[in-house]
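Here are the chains, one letter per residue:
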Amino acid sequence: MTPEAYISSGILELYVLQSLEPEEMAEVEEMAHHHAEVRAAIADIRESLAAYGELHAETPPAHLKNKIMAAIAEEVENTPVLEEAPRVIQMTSKTDITVRYARVAIAASFGLFLVSVLTAANFYLRWQEAATLANTLLAEKTVLAAEKDLLQASAKEGKDLLALIANPDIRLVNLKGTDNHPEASALVAWNPQSTEVYLWVNDLPQPAEDQQYQLWAIVDGQPVDAGVFEMDGGSKQMKAFDKAQAFAITLEPKGGSVAPTLEQLHVIGTI
């Protein structure tokens, strides 16, 4: 796979988000090691996610802090207090310092715990936003790639049609809809010199799964099979003919028929 195709596949976004299997992560790192453009793309993705996170960073909601503080207070309140024997102890100044140090240490521990919780909550919110952005970008890239393929296919089809029309030996036959199917239409490009026949379907109803359209060439007043075809768009090269007076399309059982079903005649055009 070329570096350009690898970059457009969307795997780099998943790599940055640490959402790949270990072997896939290793594969990305191998590609980045050998291709500077892959390393640059990874850096761009990281910068984009970081910029988005900074732009949309939010302070954790106040109720989260209150909830945490309430939980800490409840924990402290429910902590059992050791009862001492009924005796009087004269505390020395050293003991007093130790107790005060312990209280400060406990307070500091609670403070660090609270900061850690708030930092984790903020990081989680930013991570969720970054993951959503990455998924959106990946979906958009997939749609753009599909649209690009469609445009390229349409451009190729138009180029092929123009090349045929430019050939002076080509005869274009416009197949018009019958009374039962007035909206139907198709186009046949026929070269009597090379005997080539090409078909473009403009508008035909989608057939049932057990049916298929079949092209016929009218030769010396008789219909001759020119082949069946699928409704998948684009030009279709049909069976060759060195002479014909007309072309027509009927709807037949899957695989075609030896003779046309005239009740299912959709389009016809004379040369």
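Structure: see above.
What comes next is a walk through the structure. Since the structure is predicted, the reported quantities are computational estimates derived from the model, not experimental observations.

Quick notes on the rules
- Residues numbered from 1 in each chain as written.
- Predicted model: local features only at pLDDT ≥ 70, side-chain atom pairs only at ≥ 80, totals over all residues.
- Heavy atoms only, no water.
- Helix = DSSP H or I, 4+ residues; strand = E, 2+ residues; numbered from the N terminus.
- Contact = heavy atoms within 4.5 Å.
- Polar contact = N/O pair within 3.5 Å; in protein donor to acceptor, adjacent residues only side chain to side chain.
- Pairing = 2+ DSSP bridges.
- Axes fitted to C-alpha atoms, helices over the stretch in contact; angles between N-to-C directions.
- Buried < 20%, exposed > 50% of the residue type's maximum accessible area, 1.4 Å probe, protein only.
- Patch = residues over 30% accessible without salt bridge, like charges linked within 9 Å, V, L, I, M, F, W, Y side chains within 5 Å.
- Areas by Shrake-Rupley, 256 points an atom, 1.4 Å probe, with all protein chains shown as cover.
- Salt bridge = Lys/Arg side-chain N within 4 Å of Asp/Glu carboxyl O.
- Lys, Arg positive; Asp, Glu negative; His and termini not counted.
- Charge placed at Lys NZ, Arg CZ, Asp CG, Glu CD.
- Phe/Tyr/Trp six-rings, centres within 6.5 Å; stacked < 30°, edge-to-face > 60°.

### Thoughts on the environment of Q212
Here is step 1: Here Q212 lies in strand β4 (residues 211–219).
Here is step 2: A C-alpha to C-alpha distance of 7.2 Å links Q212 and E230, two positions 18 residues apart in sequence.
Here is step 3: Setting aside residues no more than four positions away along its own chain, Q212 makes contact with V228, F229, E230, T250, L251, E252, P253, K254, G255 and G256.
Here is step 4: A distance of 2.9 Å separates polar atoms of two side chains, one belonging to Q212 and the other to E230.

### Let's talk about the sheet that holds strand β1 (residues 171–177)
Here is step 1: Spatially, β5-β4-β7-β8-β1-β2-β3-β6 is the arrangement adopted by the 8 strands of the open sheet, whose pairing is antiparallel. Each edge of the sheet is formed by a strand with only one pairing partner; in this case those strands are β5 (222–229) and β6 (236–238). Going across the sheet, the axis of each strand differs from the next one's by a mean of 30°, ignoring polarity.
Here is step 2: Note that β1 and strand β8 (residues 265–270) share 2 bridges and pair antiparallel. In the sheet register, K176 faces β8, and the bridge partner there is I268.

### Quick look at the pairing of strand β3 (residues 196–203)
Here is step 1: Bridge analysis of strand β2 (residues 185–191) against β3 gives 7 bridges, and the strand direction is antiparallel. Following the sheet pairing, N191 is matched in β3 by E196.
Here is step 2: Turn length for the β2-β3 hairpin, with the two strands adjacent in sequence and antiparallel, is 4 residues, and the turn residue T195 shows positive phi of about 70°.
Here is step 3: As paired strands, β3 and β6 are joined by 3 bridges and run antiparallel to one another. Residue pairing in the sheet places Y198 in a bridge with Q237 of β6.

### Regarding the side chain of Q212
Here is step 1: With relative accessibility at 8%, the residue Q212 sits in the buried group.
Here is step 2: Within polar-contact distance, the side chain of Q212 engages the backbone nitrogen of G255 at 3.0 Å.

### A few points about a negative patch on the surface
Here is step 1: A cluster of acidic residues, E21, E23, E24 and E27, forms a negative patch on the protein surface.
Here is step 2: Note that E21 resides in the loop between α2 (11–16) and α3 (22–34).
Here is step 3: Given the relative accessible area of 46%, E21 is considered partly exposed.

### Notes on the pairing of β8
Here is step 1: Sheet analysis places strand β7 (residues 246–253) next to β8, joined by 5 bridges and oriented antiparallel. Counterpart to F247 in the pairing with β8 is G269.

### Description of the packing of aromatic side chains
Centre-to-centre distance and the angle between the planes together describe a pair of aromatic rings.
Here is step 1: One pass over the full model with this rule turns up 2 aromatic pairs.
Here is step 2: Between W190 and F247 the ring centres are 6.1 Å apart and the planes differ by 70°, which places this aromatic pair in the edge-to-face class. One end of the pair, W190, is in strand β2; the other, F247, is in strand β7, and 57 residues separate them in sequence.

### Re the environment of D203
Here is step 1: For D203, the location among the structural elements is in strand β3.
Here is step 2: Judged by its relative accessible area of 35%, D203 is partly exposed.
Here is step 3: Taking C-alpha positions, D203 is 7.0 Å from E183, a pair spaced 20 residues apart along the chain.
Here is step 4: With residues up to four places along the chain from it excluded, the contact list for D203 reads E183, A184 and S185.

Interpretation in functional terms is not warranted from these geometric data alone.
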